Amino acid sequence: MTRPYNFSAGPANLPEEVLRQAADEMLDWHGSGMSVMEMSHRGKEFVSIYEHAEADFRELMAVPKHFKILFMQGGGLAENAIVPLNLSRGASADFVVTGSWSSKSQKEARKYCDVQIAATNERGGHTSLPPLASWKLRRDARYVHLCTNETIHGVEFQELPDLKALGSDAPLVLDFSSHVASRPVDWSRVGLAFGGAQKNLGPAGVTLVVVREDLLGHALPICPSAFDYKTVADSQSMYNTPPTYAIYIAGLTFQWLKRQVEGHLSGVAAMEQRNRAKAELLYSAIDHSGLYVNGVSKDCRSRMNVPFFLRDESRNEAFLAGARERGLLQLKGHKSVGGMRASIYNAMPLSGVVALVDYLQEFEKRHA
Ligand SMILES: *Cc1c(COP(=O)(O)O)cnc(C)c1O
């Protein structure tokens, strides 16, 4: 039986192979007589799962040695507080606001430090990126925050800014929750990146943080110990009980990613090529239709989250019902913007996008 295609923005679809392997290993992981959920996080079985997951992520994302990889809890929203608690030193931080998520981040950081909005695309309704030349970065900012893929507005940075070239020595902080592992990261431009797993890596409950070592050890005294990056790094993410099952599933997803091949490319490079092809197919269908519209500038359209609207919004319910009938699930847009949204993360095969495009065309014809 084939499963429906699931376009949820998150928690999102996982590779079927990962789900099947987890099902096979549910009652007895590798002859241990235990489910991964029932293991001590300090036992040799789970420690090996953890070490493989960390090493595989490092390899997949080409994370340099001078960065730590942390598996934390609290999701992206907790990181909105944890980052200023660790990096701001109670001083100042600059934010580039490009949609709902970076806007939430700057609001939360105001509890801990002096926040400035260095640039925003708010006036255009979050449909393009503010040009680098317009960014007003402060010399004394302790970090500069971006959301590199705005999950709700469908705006994605296609390249990371080089802050040094903009005259700033501040570390760049990325919220890459919704496109982590969909494309490579230029770590030479990054101080810290965080992302909840539930979009592109695994189930909800684990948050990945990749942090440059020199940024550790500067947490504010009020920072909860479990959220002090240095404490977490020094204890291999086991200062308190980590979300063991979520880490295990993320680890299976990393192994799946390593197996992916496109031509001579593998791993994240293969995913990037596949994601580009998927996104081009879907945007092209939207742009060539008379019924659907996506208002984001072409140079910053997200490859992961494709919001679109029906020009005739009275057909929204019929559109969603017809989609469900065809096994195309969770296409309803975020409540704050309405319309539709197709999230086409790593685990969405090209065949899922083809099925969606077929449906878009058929629905348009039927309602012409
Ligand atoms: C989903 C998401 C978050 C929030 O993650 P939680 O796990 O719900 O805290 C933050 N940032 C971005 C870009 C997201 O897509």
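Because the structure is predicted, anything quoted here is derived from the model rather than measured.

Asker: Lay out the overall build of the chain with the relevant residues and their values.
Answerer: Across its full length, the chain holds nine helices and 16 strands. Scaling as 2.2 N^0.38, a compact globule of 368 residues should have a C-alpha radius of gyration of about 21 Å, and the chain matches this with 21 Å. Across its three principal axes, the chain shows a C-alpha extent of roughly 60 × 60 × 40 Å. The proportion of buried residues among the 368 residues of the chain is 55%. Considering only contacts in the chain between residues 6 or more positions apart, those separated by 24 or more positions represent 68%.

Asker: Kindly report on the domain arrangement of the chain, identifying the contributing residues and their values.
Answerer: Segmentation of the chain into domains returns domain 1 (17–257) and domain 2 (262–367). Relative to domain 2, the C-alpha centre of domain 1 lies at a distance of 26 Å. Every contact between the two is made by 24 residues of domain 1 and, on the other side, 25 residues of domain 2. For the domain 1 and domain 2 pair, buried surface summed over both sides reaches about 2000 Å², with 55% attributable to carbon and sulfur atoms. On inspection of domain 1 and its partner domain 2, the count reaches zero salt bridges. For the pair domain 1 and domain 2, the interface holds 11 residue pairs in polar contact (both at pLDDT 80 or more). Residue assignment for the side of domain 1 that touches domain 2 shows that the elements contributing at least two residues are α2 (44–61), β7 (155–156) and α6 (244–259).

Asker: Could you give me a rundown of the site of the ligand, with the residues and numbers involved?
Answerer: The immediate surroundings of the ligand are formed by G75, G76, L77, W101, C147, N149, T151, D175, S177, S178, Q198 and K199. Side-chain polar atom of T151 to an oxygen atom of the ligand: 2.4 Å apart, as the coordinates give it. Computed on the free molecule, the ligand has an accessible area of 380 Å², of which 86% lies beneath the protein chains in the complex. Among the elements that make up the shell around the ligand, the one with the highest residue count is helix α3 (residues 75–87) (three residues). Among the residues forming the shell around the ligand, the class breakdown is three nonpolar, seven polar and two charged.

Asker: Quick one: what's the story with the pairing of strand β8 (residues 172–175), residue by residue and with numbers?
Answerer: Successive residues of a regular strand alternate their side chains across the two faces of the sheet. Residues L172 and L174 of β8 are buried on one face, and the alternating residues V173 and D175, pointing to the opposite face, are buried as well. Of the pairings in the sheet, the one linking strand β5 (residues 141–147) to β8 comprises four bridges and is parallel in character. The partner of L146 across the bridge, within β8, is L174. Bridge count between β8 and strand β9 (residues 192–196): three bridges; the pairing is parallel. From the neighbouring strand, L174 faces β9, where its bridge partner is A193.

Asker: Can you break down the packing of helix α7 (residues 267–287) against helix α9 (residues 350–366) residue by residue, with the values?
Answerer: Their axes nearest at 9 Å, the elements α7 and α9 cross at an angle of 5°. One finds that α7 runs roughly parallel with respect to α9. For the pair α7 and α9, the contacting residues are K278, L281, L282, A285 and I286 in the first and L350, V353, V354, L356, V357, L360 and Q361 in the second. Looking at side-chain class alone, the contact of α7 with α9 contains 10 nonpolar, one polar and one charged residues.

Asker: Just give me the short version of the nonpolar core, but keep the residues and values in it.
Answerer: Ranked by size, the top nonpolar core spans 54 residues in total, and within it F57, M61, F71, W187, Y248 and F254 carry the most contacts. Considering every element that reaches this core, the biggest residue donor is α6, with 10 residues. Apart from the residues lying within four places of it in its own chain, the contact partners of M61 are F176, A181, R183, V185, W187 and V268. In this structure, L291, F308, F319 and F363 belong to the second largest nonpolar core, which totals 27 residues.

Here is what the cut-offs are and how they apply
Residue positions are given per chain, counting from 1 as you read along its sequence in written order. Where local features are concerned, this predicted model is filtered to residues with pLDDT of at least 70; where side-chain atom pairs are given and counted, the filter is 80 or more; whole-chain, interface and lining totals use all residues. Side-chain metrics in this entry use all non-hydrogen atoms of the structure; hydrogen atoms and water are not considered. Each helix is a run of H or I in the DSSP string that is no shorter than four residues. Each strand is a run of E no shorter than two, and both are numbered from the N terminus. For the radius of gyration, the atoms used are the C-alpha atoms, and the globule rule reads 2.2 Å times the number of residues raised to 0.38. Three exposure classes are used, based on accessible area relative to the maximum for each residue type with a 1.4 Å probe and protein chains only: buried under 20%, partly exposed in between, and exposed over 50%. In what follows, residue pairs with any heavy atoms lying within 4.5 Å of each other are defined as contacts. The split into domains, and so the bounds of each, comes from an automatic or database assignment of domains. Accessible surface is computed with a 1.4 Å probe, and the buried area is the amount of it that two parts give up when combined, taken over both parts together. By salt bridge we mean one thing: a side-chain nitrogen of Lys or Arg within 4 Å of a carboxyl oxygen of Asp or Glu. Polar contacts, as used here, are pairs of N or O atoms within 3.5 Å; protein pairs need one atom able to donate a hydrogen and one able to accept it. Residues neighboring in sequence count only if both atoms are side-chain atoms. Throughout, the term near means that a residue has one or more heavy atoms lying within 4 Å of the molecule or strand in question. Using a 1.4 Å probe, accessible areas were evaluated by the Shrake-Rupley method; residue-level cover was limited to the displayed protein chains. Any residue outside Ala, Val, Leu, Ile, Met, Phe, Trp, Tyr, Cys, Pro, Asp, Glu, Lys and Arg is labelled polar, Gly included; the first ten of those are nonpolar and the last four are charged. Note on pairing: two strands pair once DSSP finds at least 2 bridges between them. In this analysis, axes come from line fits to C-alpha atoms, helices being fitted only over the stretch in contact, and the angle between any two N-to-C directions falls in the range 0 to 180 degrees. Convention used here: angles under 35 degrees read as roughly parallel, angles over 145 as roughly antiparallel, angles from 65 to 115 as roughly perpendicular, and any remaining angle as oblique. We call a set of buried residues a nonpolar core when its members are Ala, Val, Leu, Ile, Met, Phe, Trp, Tyr or Cys and they connect through side-chain atoms within 4.5 Å of each other.

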